[in-house]
Structure formats: C-alpha cells, structure tokens
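Inside the fold
Now for the letters of each chain:
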Amino acid sequence: MSDKVVEIRGLYKSFGDLDVLKGVDLDLHREENLVVLGRSGTGKSVLIKIMVGLLKQDKGQMEVLGQEVSSLTPKELNALRLKIGFSFQNSALYDSMTVRENMEFPLVRNIKNLTKKEITYKIEELLDAVGLPQTINQMPSELSGGQKKRIGVARTLILNPEIMLYDEPTAGLDPITCVEINNLINEVRERYKTTSIVITHDLACAKMTGDRMAVLLDGQFRAMGTFSEVFPHAEDRRIKSFYDYNFIES
Amino acid sequence: MAEEADDRKPFLSKKIDKFFTGLADAWNFVRRFWKEVFLPPYEFKEVIHQCYRIGVESLPLISLTGFIVGIVFTNQSRPSLSEFGATSWLPSLISIAVVRAMGPLVTALIAAGKVGSSIGAEIGSMKVTEQIDAMEVSATNPFKFLVVTRVLATTFMIPILVMYTDFVALIGSFLNVNSNELVSLSTFFVQIFESISFLDIWSSVLKSLLFGFTIGIVGCYKGYHSSKGTEGVGRAANSAVVISMFLIFIEELLVLQVVNAIRGM
C-alpha cells in the first residue's frame with residue numbers, strides 16, 4: 001500500500017473573477033506534518049476545505065486516503081470525514097453547548113451503542129490529553145482563546161482521525177500560548193500517529209511543527225522542502241521577505 | 001439620458017436575477033426540509049429542547065399580550081354594541097374575533113418577532129463562526145440538527161400557543177365584561193361556545209400550523225444563508241421577522257378565503 005495519504009494534482013479554484021488556486025500539486029505522506037505557508041488570502045484554507053468536501057474544486061484531482069473527494073456520494077464523503085479531523089481557525093465550538101456536549105456531539109452521532117460510561121471515559125481521556133480536564137462542564141464563552149483551540153483539537157480527536165488539518169492554529173494567540181499549541185500539535189502526532197497539515201502564516205509555528213514546508217504564492221506552491229531548505233536563504237524575493245518580516249516581527 | 005438607461009439595465013437585471021435565484025434557493029430549502037424530516041436519524045431530544053425554548057420561554061410575553069388584547073378589544077367594542085342595546089352580544093363577538101382571527105394572528109406575529117429573529121440570529125452566527133461547517137466535517141448533518149428540529153418545534157408549538165392566547169384573551173375579556181355587565185363566568189363561556197363552531201377551531205389550528213412552519217422555515221433559511229460577519233447576522237434576524245410577518249398576512253388572507261368558501265357550502 002502506498003504511504004501517500006493525500007495526492008493533489010492540477011487543482012484549480014476560483015471565486016467569481018478571483019482565481020485562488022491555479023494548478024496546485026501536492027503529496028502528503030503518512031505520519032508527516034506538512035506546513036502550508038502563505039500570506040492571508042492566498043487560498044491556504046480553501047485547499048483544506050476542498051479536502052473535506054466543504055468546497056468543491058473547479059478542476060483537478062484531490063485524492064484523500066485513495067478516494068477522489070469530488071466524486072464521493074454524501075454517504076461516502078461522511079465516511080471519509082470520520083477519518084479527517086479539522087481544527088478551525090476560531091475553534092468553532094458550539095456556543096450553546098458545554099465542553100462535554102461539544103465533545104459528545106460528533107461521538108454519539110457517529111459511533112452507536114456507546115454506554116454513558118464509555119462516552120465520559122473517552123471525553124475525560126481527551127481533555128486530559130489536551131491538559132484541560134477541569135473545563136468539562138464549562139461553556140465555550142467561559143474559555144480563553146488558547147483553551148478553545150485545545151478543546152477544538154480534542155473534539156476532532158474524539159473520532160480517532162488519521163489526518164489532522166489545522167487551520168491557523170496560532171492565530172490571535174499570545175506567544176506563550178502559541179508555543180503550547182505547537183507542542184500540542186506535535187504531541188497529537190506522536191500519540192495518535194496522525195498525518196497533519198498545518199495552515200499558518202506564523203513561521204515560528206511552522207518551524208516547530210513541520211517536517212516539510214510548502215509555500216503557497218499566486219495560487220501555486222512556489223517552494224517545498226524542510227525549513228532550512230526553504231528558508232532563510234530563499235531565492236524568491238517574496239519568500240525571503242515573508243521570512244524576514246516574520247522574524248523581524250517576532 | 002441614454003447613458004443613464006444603460007446604467008440602469010444591468011442593475012435591474014441583477015436585481016431580478018437575485019430575486020429569482022433567491023426564490024429557487026428558498027424552494028430548494030423547503031424541499032430539503034420535507035426530504036430530511038422523514039429520514040433517520042431523528043433528533044427527538046433536540047426537538048423537545050426547541051419546543052421548550054419556543055413554547056415555555058414565549059409564555060410570559062404571549063400571556064401579557066393575549067390578556068391585554070382581550071381587555072382592549074372588549075372595551076373598544078362595547079360603545080358600538082351599546083348603541084344598539086346589544087352589549088349582551090359581547091362574549092359572542094369577542095370569541096368569534098379571538099378564535100377566528102386575532103388569537104392566531106397576534107400569536108404568530110409575536111412569535112415571528114421573538115422566535116423567528118432568535119432562530120435567524122442563532123443559526124446566522126453559527127454560520128459565520130464556522131460552527132455549521134464544524135458539524136459538517138464531523139460527519140453529522142447540520143440541516144437535520146439545526147433546521148428540521150427548529151421548524152418542527154415552531155410548527156408544533158405555535159398552535160398550542162395560539163390556543164393558550166385564545167384562552168388568556170377570553171379571560172381578559174371576561175374580567176372586563178364581568179365588571180361592567182355583571183355576567184357570570186359560566187354564562188360568558190356558554191355564550192362563547194354557542195358562537196364558535198368546530199370549523200372555527202379547526203381552521204384556527206390549521207392556520208397556526210401554517211404560521212408555525214413559516215416562522216421556523218424563514219428563520220432557518222435566513223440564518224443558514226447569512227454571510228458577511230456580524231452585519232449579516234443582524235440582517236438575517238431582521239429579514240426573518242419581516243418576511244415571516246409578510247407571509248403570515250398573506251396566508252391569513254388565503255386561509256380566510258378557503259374557510260369562507262367551506263362555510264358557504
């Protein structure tokens with residue numbers, strides 16, 4: 001069996017007159033952490049939204065775990081989604097539910113015949129893993145930004161996904177919390193043997209979490225490799241300035 | 001002048017396009033509801049939760065409004081009837097007006113304002129904060145959980161609220177009649193039940209089902225299709241109320257024609 005988990009070929013996506021992705025090619029290997037870098041509005045999030053079927057590509061091929069996403073029936077798509085965890089930029093916790101209910105929501109709807117005890121055990125185990133067991137009965141409005149991100153990750157892990165997609169995991173967080181979230185991404189990968197894509201424009205996050213970097217510019221990947229291969233001596237002026245700005249800022 | 005006309009043309013055609021696209025979207029949304037409502041899994045627990053929110057939490061407002069409507073309508077009708085020495089007809093007049101028209105209409109309009117706007121705003125904010133996407137990527141059906149449950153809850157709860165409003169309005173009316181004409185409770189209610197027919201009650205219930213469905217589906221549709229951040233959420237809540245109220249009046253008019261036709265048979 002191939003160790004390729006995601007295979008993207010010639011992917012195009014536009015919104016009205018705006019071409020966002022213009023022929024993207026990418027391979028993602030099992031248990032690899034790939035970081036997709038790029039400035040805001042370059043289509044990084046669009047790429048992973050196509051991966052889970054939230055958006056549909058205009059042209060090209062998007063194979064995830066050996067299945068072409070755009071040709072799946074709703075039932076097949078849901079089966080694939082169970083194998084993919086998606087951590088949203090703003091955590092997307094359900095406002096009207098407690099942390100426990102947030103985590104129960106996907107679990108009870110996808111895995112039948114679980115006893116109450118088993119559900120509670122699973123929830124507590126994951127809250128322990130993200131270091132927030134005390135928040136189980138709290139509402140999302142009572143949590144800090146970093147806590148929300150952690151709970152969001154715990155909620156996606158409850159279905160034991162093979163692939164984790166992180167959309168801007170450190171956006172809007174203070175530097176210490178950023179490091180904690182980066183550590184969490186690495187822990188998740190080690191503990192649950194997941195393959196990950198991290199979407200970010202934060203180079204510190206990229207350096208800490210990524211095995212491989214892919215820089216998205218003008219709708220295509222312009223550089224790919226390890227951190228030291230892509231940065232800091234990039235020949236492309238835009239990639240170099242991206243690096244410079246990030247580190248001058250930090 | 002010619003240039004002005006040219007400028008207007010694309011604007012108009014854009015508006016017309018938008019109108020018909022919106023109409024087609026709304027039609028597809030209603031069709032999807034009818035498709036999903038019969039298919040498992042069923043979210044019974046959430047339906048009960050929504051029924052509680054829509055029904056029980058609306059009670060104070062509905063009670064107050066119903067009671068005041070009963071008193072005010074009785075007070076306003078008395079002078080006209082007393083000119084003909086027919087104040088004894090007050091209970092009959094009030095019961096017909098309340099059961100046939102005012103109860104369903106007042107309840108539906110209040111529910112459109114309170115429930116419709118809250119559904120629009122709640123689902124709208126879930127949409128713009130990606131909570132609906134989060135449900136979708138966790139392989140659960142957000143339409144079933146958010147839309148089907150809320151539409152069922154409004155459809156079931158509005159008729160119950162209407163019957164409650166009718167009752168409270170009649171109690172308000174009785175207090176007024178009792179203090180002015182010294183009519184006893186039993187006489188008042190005997191007169192009421194002599195005046196209203198089975199058709200009145202059935203048409204009121206059927207109309208309320210229709211109003212409930214309208215409030216739920218419009219609120220959900222507007223919320224589900226909201227965009228442009230918090231501004232979009234406000235707009236979704238607002239248009240949910242305006243469109244629901246508009247449709248409620250149209251439906252009232254249509255149902256009235258049908259019931260009158262049946263009554264004339």
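Refer to the structure presented above.
Overview of the structure. (Residues numbered from 1 in each chain as written. Chains lettered and ligands numbered in written order. Predicted model: local features only at pLDDT ≥ 70, side-chain atom pairs only at ≥ 80, totals over all residues. Heavy atoms only, no water.)

Across its full length, chain A carries nine helices and ten strands. Radius of gyration (C-alpha) of chain A: 18 Å, near the 18 Å computed for a compact globule of 250 residues. Principal axes of the C-alpha set define a box for chain A whose edges measure 55 × 45 × 40 Å. Each of the 250 residues in chain A was classed as buried or not, and the buried ones make up 52%. Across chain A, contacts joining residues at least 24 apart in sequence account for 66% of those joining residues at least 6 apart. Element-wise, carbon and sulfur atoms account for 49% of the exposed surface of chain A, whose accessible area totals about 11,700 Å². Where the 32 positive side-chain charges of chain A centre and where its 35 negative ones centre are 3 Å apart. (Helix = DSSP H or I, 4+ residues; strand = E, 2+ residues; numbered from the N terminus. Rg over C-alpha atoms; globule rule 2.2 N^0.38 Å. Buried < 20%, exposed > 50% of the residue type's maximum accessible area, 1.4 Å probe, protein only. Contact = heavy atoms within 4.5 Å. Areas by Shrake-Rupley, 256 points an atom, 1.4 Å probe, with all protein chains shown as cover. Lys, Arg positive; Asp, Glu negative; His and termini not counted. Charge placed at Lys NZ, Arg CZ, Asp CG, Glu CD.)

Let us look at the interface of chain B and chain A. Chain B puts 15 residues into the contact, and the matching count from chain A is 22 residues. Between chain B and chain A, the buried area comes to about 1,600 Å², and carbon and sulfur atoms account for 58% of it. Between chain B and chain A we count three salt bridges in total. Across the pair B:Glu136 and A:Arg81 runs a salt bridge whose closest N-O atoms are separated by 3.9 Å. Applying the counting rule to chain B against chain A returns six residue pairs in polar contact (both at pLDDT 80 or more). (Buried area = accessible area lost by both parts, 1.4 Å probe. Salt bridge = Lys/Arg side-chain N within 4 Å of Asp/Glu carboxyl O. Polar contact = N/O pair within 3.5 Å; in protein donor to acceptor, adjacent residues only side chain to side chain.)

Once that is clear, we can look at the sheet that holds strand S7 (residues 163-167) of chain A. Strands belonging to one sheet form pairs held by backbone hydrogen bonds; the direction of such a pair is parallel or antiparallel. Residues and elements named next belong to chain A. What the six strands build is an open sheet, ordered S6-S7-S8-S3-S9-S10; its pairing is mixed. Each end of this open sheet is capped by a strand with a single partner; those strands are strand S6 (84-87) and strand S10 (220-225). Each neighbouring strand pair of the sheet contributes to a mean axis angle of 15°, computed without reference to strand direction. Direction of pairing for strand S9 (residues 212-217) relative to S10: antiparallel, over a ladder of five bridges. Bridge pairing in S10 links Leu216 to Phe221. (Pairing = 2+ DSSP bridges. Axes fitted to C-alpha atoms, helices over the stretch in contact; angles between N-to-C directions.)

All names here are of chain B. The N-to-C vectors of helix H4 (residues 90-128) and helix H7 (residues 185-195) enclose an angle of 55°; their axes lie 8 Å apart at closest approach. On the basis of the axis angle, H4 is oblique to H7. Crossing geometry of H4 relative to H7 is assigned as right-handed. Residues Pro91, Ser92, Ser95 and Ile96 of H4 pack against Phe188, Gln191, Ile192 and Ser195 of H7. Residues belonging to the contact of H4 with H7 are distributed by class as follows: four nonpolar, four polar and no charged. (Parallel < 35°, antiparallel > 145°, perpendicular 65-115°, else oblique. Left-handed = near helix turned anticlockwise from the far one by under 90°. Nonpolar A, V, L, I, M, F, W, Y, C, P; charged D, E, K, R; others polar.)

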